[in-house]
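Structure at a glance
Okay, here's what each chain looks like letter by letter:
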Amino acid sequence: DQQVKQNSPSLSVQEGRISILNCDYTNSMFDYFLWYKKYPAEGPTFLISISSIKDKNEDGRFTVFLNKSAKHLSLHIVPSQPGDSAVYFCAASILTNKFYFGSGTKLNVKP
Amino acid sequence: GAVVSQHPSWVICKSGTSVKIECRSLDFQATTMFWYRQFPKQSLMLMATSNEGSKATYEQGVEKDKFLINHASLTLSTLTVTSAHPEDSSFYICSARVRGQGKSGAKNIQYFGAGTRLSVL
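Residues numbered from 1 in each chain as written. Chains lettered and ligands numbered in written order. Predicted model: local features only at pLDDT ≥ 70, side-chain atom pairs only at ≥ 80, totals over all residues. Heavy atoms only, no water.

Glancing now at the interface of chain B and chain A. When the parts of a complex come together, some accessible area is lost, and that lost area is often taken as the interface size. Each partner contributes to the interface: chain B provides 21 residues, whereas chain A provides 20 residues. In total, about 1700 Å² of surface goes out of reach between chain B and chain A, with carbon and sulfur atoms giving 57% of it. At the boundary of chain B and chain A, one finds 1 salt bridge. Scanning the region where chain B abuts chain A turns up 4 residue pairs in polar contact (both at pLDDT 80 or more). Counted by class, the side of chain B that touches chain A contains 8 nonpolar, 8 polar and 5 charged residues. (Contact = heavy atoms within 4.5 Å. Buried area = accessible area lost by both parts, 1.4 Å probe. Salt bridge = Lys/Arg side-chain N within 4 Å of Asp/Glu carboxyl O. Polar contact = N/O pair within 3.5 Å; in protein donor to acceptor, adjacent residues only side chain to side chain. Nonpolar A, V, L, I, M, F, W, Y, C, P; charged D, E, K, R; others polar.)

Next up on the list: the sheet that holds strand β8 (residues 76–81) of chain B. Pairing between the strands of a sheet comes from backbone hydrogen bonds, and it takes one of two forms, parallel or antiparallel. All names here are of chain B. Strand order in this open sheet of 4 strands is β1-β3-β8-β7, and the pairing throughout is antiparallel. Only two strands of the sheet have a single partner each, and these edge strands are β1 (4–7) and β7 (67–73). Going across the sheet, the axis of each strand differs from the next one's by a mean of 15°, ignoring polarity. Summarising the sheet, β1 and strand β3 (residues 19–25) pair through 4 bridges and their orientation is antiparallel. From the neighbouring strand, His-7 faces β3, where its bridge partner is Glu-22. (Pairing = 2+ DSSP bridges. Helix = DSSP H or I, 4+ residues; strand = E, 2+ residues; numbered from the N terminus. Axes fitted to C-alpha atoms, helices over the stretch in contact; angles between N-to-C directions.)

Nothing here speaks to function; it is all geometry.
Written out as structure tokens, the structure reads:
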């Protein structure tokens, strides 16, 4: 039973526009969430995180929003750049112990 | 940032043989390492948590005798797929955790290796 879901396997966005990647979870006990970015032939790298006590966390062009009532997480990239093209994974955990990952969304930013 | 090296990146083996995958933290000490498995178009599934100097903790449904994990030092964990069969063909990836707070106050971030593609013929 997958507790973290990314229902969009791919997303295509024009350079300079906003990219919105979505993630849904089922376990209301999750209290810590992360986004990872993965380029081909490389391991996932940490991008941004958010604790359940917040509903927004911003780091440069990347903002993560958390809607606890909807059990929904989203990553906004503004403005999108071609170098952002990668697979993005969301992950959730309880007390930062075991992490549950989504299946990933492949973002393609077109020049 | 922290670097995790995983080797080999790709291995093909015959059914019945054993395959060892290494995961090294190159510039930090990792008291905890994790081993994941990923099937095509599916999420990373945690197989086991490996703590240095102690036995690994396996997730439900993962055969500990099939997937042997050794974490003999603070910089090296190994996963051995014993008597591999075609159904073991998959993408295996390790990560190492750095405790405490990192960038932007993020906690207990895991740093990933590049993964190993195992194909069992």
